[in-house]
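What follows is the residue order along each chain.
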Amino acid sequence: MAISTKAKEILNRPDLIKQRDLWFERMQTVFLSGTSSWNQQYILGVNGIVGVGKHNPYTEPELWVEDCLEDLATRYEALENNIYFRPLCVEYPVYGVHYIDKMLGANVYFYEGQWYNDYLPTPIGQLTSPDLQQDEVWSITKRAVNAFLEADVALPLFGLPTIASALNIAVNLYGGEILMEMLTEPDNASADLTTINNLLCELHTTLRGMIPMQQLQPVISWNRTQPPGYGQLCGCTTQLLSPSLYEEFIAPLDEKLLSVYPHGGMIHLCGSHTQHLDTFRKMKSLKALQLNDRAAADLSIYFEQLREDQIIYLNPCKELSIEKALEITHGERLIIAADLDAPICRPKE
């Protein structure tokens, strides 16, 4: 089975690819100079379209990918707007934020609309990396990626499963015990965190070698879309750490993961993480922070204390409106990750 001729034609349309790449150029300008060249009067926003698959992505990943592509081909008009960037995305969602946990041997299960995992019974310090040649999770992932490549469509983005971060995954696997182990048995904690991070880097490196750079996006590809060549990790659990623990144990791992990508990348934050701003500033590969919920409410602190070449993806929330964000930033180093009804004008100087 293959996608229809009509879908393939739409998803290879040169005008749509040109429009996508125009938005990428505008976005890259924000990363490089802090402001968008979009007529020098609008704020760049992004919120794309995710293809919907009817087949089971765990047992029929090829058919699931084809479903998604057919669905996207019916919604291509989203990319034709001039209000904000609406990329078309296939995102392979298996096991949610417990994708890596499953690879590392955790019992992962779905309950009442959400994925969970049980803690590993083995002591911290004894974690081993999976044999990817035999791993079922990696096998179905490669099948999905290959189905996307075999469809031979140049327009849609492919969003990776949640290859989260060493700390996020360690907390999934061990709960609060991994935090205590950093203090009481730091060698054991470091060994497992390094094992996890090496696996993450290997997966990103392999996927980068499979998927064209212009189409590869890390997780939440439709909303945290970055220009080609940027990576991402999920840094939610860094809020649990003191500045010294993050700087000693986690920051070098996060830096290593982001450096897999030629231009570095983004850390997603939800919760309170301002205690790590000194470390964030020192991380050469950290080029963007995505702020959500409590983190978004702290926008002024991030904006003032990050480097001038570190930008912010903002998810507006009830504590921080788009209007307030523009007062704080004057539209500089800012990308709005939300649905927009009209272009956002840059504040007048």
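Refer to the structure presented above.
All values derive from a computational prediction rather than experimental measurement.

Caption draft 1: Inspection of the pattern of salt bridges at higher detail. Under the definition given, this model contains 12 salt bridges. A salt bridge links Asp-71 to Arg-75; the shortest N-O distance between them is 2.7 Å. The exposure class of Arg-75 is partly exposed, given its relative accessible area of 30%. Ionic pairing is found between Asp-278 and Arg-281, a salt bridge with its closest N-O pair at 2.4 Å. Of the two residues, Asp-278 and Arg-281 both sit in helix H10 (residues 277-282), 3 residues apart, roughly one turn of that helix.

Caption draft 2: Inspection of the nonpolar core at higher detail. Of all hydrophobic cores here, the largest spans 126 residues; its most connected members are Ile-100, Met-182, Ile-267, Phe-280, Leu-291 and Leu-314. Sequence-distant contacts of Leu-291, defined by excluding residues within four places in its chain, comprise Leu-269, Ala-296, Leu-299, Tyr-302, Ile-312, Tyr-313, Leu-314 and Asn-315.

Caption draft 3: Spotlight on a nonpolar patch on the surface. Among the surface-exposed residues, Tyr-109, Tyr-111 and Tyr-116 lie close enough to one another that they form a single nonpolar patch of about 290 Å² accessible area. Residue placement: Tyr-116 occurs in strand S5 (residues 114-117).

Caption draft 4: Looking closely at unusual backbone geometry. Of note, Ile-220 is a non-glycine position whose phi angle comes to about 55 degrees, a positive value. Of note, Ile-220 is situated in the loop between strand S7 (216-217) and strand S8 (231-234). The phi torsion at Arg-333 lies on the positive side, around 50 degrees, for a residue other than glycine. Given the relative accessible area of 9%, Arg-333 is considered buried.

Caption draft 5: How the structure looks around the sheet that holds strand S12 (residues 334-336). Taken in spatial order, the 5 strands make up an open sheet running S8-S9-S10-S11-S12, and their pairing is parallel. Only two strands of the sheet have a single partner each, and these edge strands are S8 and S12. Each adjacent strand pair in this sheet contributes to an overall mean axis angle of 20 degrees, direction not counted. Of the strand pairs in this sheet, S8 and strand S9 (residues 265-270) are connected by 4 bridges, and their pairing is parallel. Paired with Gly-231 across the two strands is Gly-265, which belongs to S9. Set on the sheet, helix H9 (residues 243-258) makes contact with S8, S9 and strand S10 (286-292); between it and S8 the angle comes to about 145 degrees.

The rules we used
- Residues numbered from 1 in each chain as written.
- Predicted model: local features only at pLDDT ≥ 70, side-chain atom pairs only at ≥ 80, totals over all residues.
- Heavy atoms only, no water.
- Salt bridge = Lys/Arg side-chain N within 4 Å of Asp/Glu carboxyl O.
- Buried < 20%, exposed > 50% of the residue type's maximum accessible area, 1.4 Å probe, protein only.
- Helix = DSSP H or I, 4+ residues; strand = E, 2+ residues; numbered from the N terminus.
- Core = buried A, V, L, I, M, F, W, Y, C linked by side-chain atoms within 4.5 Å.
- Contact = heavy atoms within 4.5 Å.
- Patch = residues over 30% accessible without salt bridge, like charges linked within 9 Å, V, L, I, M, F, W, Y side chains within 5 Å.
- Areas by Shrake-Rupley, 256 points an atom, 1.4 Å probe, with all protein chains shown as cover.
- Pairing = 2+ DSSP bridges.
- Axes fitted to C-alpha atoms, helices over the stretch in contact; angles between N-to-C directions.

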